[in-house]
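# Per-entry structural report
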Amino acid sequence: MNNLLSAPARPEAAASERGRRRSRADIVIAVVVALLVLAATVVALSTHRFVTVANAKAIITSASLVGIAALGLTLITIGGSAVSLAISPSVAAIAMIFLSAQSTGLIPALILAVVCGTLITGLQGAVVGYAAANPVLLTIATSFAIAGLATGISGGETVSPTGTGYDRLNATPGGVALSVYALVALAVLLEWLLRRTSFGRTLYLIGENRRAARAAGLPVGRVTTVAWLGAGALFAVTAAFMAAFNTSANVNLGGTLTFDAIAAVLAGGTPISGGRGSALRTLAGAVLIAAVSDILLLRGYSTGVQIMVKGLIVLLVVVGVHLRAKGRDA
């Protein structure tokens, strides 16, 4: 009789224990994050020329170039397609097209760049969405194909602008680069699309469980393709700003953009498995990555060290996100 009366208490006790574990995990993560922020603040404040208006503008300008591409990658990652490893060659090729078309004017060249970027990345999305291709392997192959094609067409030479309209993208309204305004506006727009539209809600569901979404009759192929099309448009905008900023373009223009965009997305808390994420958090991740790069640059560290430190930051964020998710599911 006593056993029967005490049985219902067991689920409650288990739930209470799970709650305590989640609380402990959250506390540990919060403490670690606070310590990291404190350490980063001390290092930043002790870095010569870091706390200046000019340097702050440099950081947000750098963040804008990475951030717009990272917003595109956010769409891909939330939808459960992991990452695209073809961002750098895609941006480089589109930048070359953008500068080559300057003789037609800024707007036509920008439209051409966006169309090309949308098609290049959208085709990859269609293969991922409808044929269930592995996005990592697909984009590795695509990156080689794009780089080879761009090298062959350009003869390996640097492309110079055929007009001067591109320079309007280097405007600095209010002393801040135009690309920064574009980043903020695009982040707010993308956040609204993700949170307030049926496309966004469906994308989250697909990223959470692609098989279940397909079994439920959701348009997995179509939504995945649209997400990649949107990513391609954002990669094209990045390409236009980078081309304008550098006033020339070649196959190496993208540099470490692929890695930096991935770092910004993951540092913003979007899990590589998909199903969760935020455009505004990606924006914050881009600023974080840009600030870290700036500190290391001012302290004279090499590109290799910068990449290593950014990798460690991403690793810590990924582990933190995993621990929180594990605590939530426990």
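It should be emphasised that the depicted structure is a prediction, and the values quoted were computed from it without experimental measurement.

### A few points about the packing of helix α7 (residues 178–196) against helix α12 (residues 279–298)
Running from amino to carboxyl end, α7 crosses α12 at an angle of 150°, the nearest separation of the two axes being 8 Å. Between α7, through Leu-183, Val-184, Ala-187, Val-188, Leu-190, Glu-191 and Leu-194, and α12, the contact on the second element is made entirely by Ala-279, Leu-280 and Leu-283. Here the contact of α7 with α12 is built from residues that sort into nine nonpolar, no polar and one charged.

### A closer look at the nonpolar core
Core analysis: the biggest nonpolar cluster contains 68 residues, and Leu-73, Ile-87, Phe-98 and Leu-194 have the highest contact counts within it. With residues up to four places along the chain from it excluded, the contact list for Ile-87 reads Ala-69, Leu-73, Phe-235, Leu-257, Thr-258 and Ala-261. Counting residues in hydrophobic clusters, the runner-up holds seven residues, among them Ile-59, Ala-63, Ala-290 and Ile-295.

### Remarks on helix α3 (residues 53–78)
In this model α3 runs 35 Å from its N-terminal to its C-terminal C-alpha over 26 residues, within 8% of the 38 Å that 1.5 Å per residue would give. Roughly 30° is the biggest bend found in α3, and it falls at Val-66. Positive phi appears at Gly-80, one or two residues downstream of α3, with a value of about 85°.

### A short note on the side chain of Ser-90
By the element assignment, Ser-90 lies in helix α4 (residues 87–100). Apart from residues lying up to four places away in sequence, Ser-90 is in contact with Ile-120 and Ile-146.

### Some words on the packing of α4 against helix α6 (residues 135–154)
Where α4 contacts α6, the axes come no closer than 9 Å and their chain directions differ by 25°. The orientation of α4 with respect to α6, classified from their angle, is roughly parallel. Once α4 is placed against α6, the crossing between them reads as left-handed. For the pair α4 and α6, contact is made by Pro-89, Ser-90, Ala-93 and Met-96 and by Ser-143, Ile-146, Ala-147, Ala-150 and Ser-154, respectively.

### So, the confidence of the model for the chain
Mean pLDDT over the chain works out to 89, with 88% of the residues at or above the 70 mark. Residue range residues 4–9 is modelled with pLDDT below 50. Its contacts to residues more than four positions away, or to other chains, number zero contacts.

### As for helix α5 (residues 106–131)
Because the α-helix completes a turn every 3.6 residues, residues three or four places apart line up on one side. Compared with an ideal rise of 1.5 Å per residue, which puts 26 residues at 38 Å, α5 spans 37 Å between its outermost C-alpha atoms and is within 8% of the ideal. Within α5, burial applies to Leu-106, Ala-109, Ala-113, Cys-116, Gly-117, Thr-118, Thr-121, Gly-122, Gln-124, Gly-125, Val-128 and Gly-129. Directly after α5, the chain includes Ala-132, whose backbone phi takes a positive value near 55°.

### What to know about the pattern of salt bridges
Following the criterion strictly, the structure yields two salt bridges and no others. One salt bridge connects Glu-191 with Arg-195, and the closest N-O pair in it is separated by 3.1 Å. A residue pair is termed a helical-turn pair when its members lie 3 or 4 positions apart in one helix, as Glu-191 and Arg-195 do in helix α7 at four residues. The class of Glu-191 is buried, set by a relative accessible area of 14%. Here Arg-195 falls in the partly exposed class, since its relative accessible area comes to 38%. Salt-bridge contacts for Lys-310 lead to Asp-260; the nearest nitrogen and oxygen are separated by 2.8 Å.

Definitions and limits used
- Residues numbered from 1 in each chain as written.
- Predicted model: local features only at pLDDT ≥ 70, side-chain atom pairs only at ≥ 80, totals over all residues.
- Heavy atoms only, no water.
- Axes fitted to C-alpha atoms, helices over the stretch in contact; angles between N-to-C directions.
- Helix = DSSP H or I, 4+ residues; strand = E, 2+ residues; numbered from the N terminus.
- Contact = heavy atoms within 4.5 Å.
- Nonpolar A, V, L, I, M, F, W, Y, C, P; charged D, E, K, R; others polar.
- Core = buried A, V, L, I, M, F, W, Y, C linked by side-chain atoms within 4.5 Å.
- Buried < 20%, exposed > 50% of the residue type's maximum accessible area, 1.4 Å probe, protein only.
- Expected span 1.5 Å × (residues − 1).
- Bend = angle between axes of the 7 residues up to and from the residue.
- Parallel < 35°, antiparallel > 145°, perpendicular 65-115°, else oblique.
- Left-handed = near helix turned anticlockwise from the far one by under 90°.
- pLDDT = per-residue confidence, 0-100.
- Salt bridge = Lys/Arg side-chain N within 4 Å of Asp/Glu carboxyl O.

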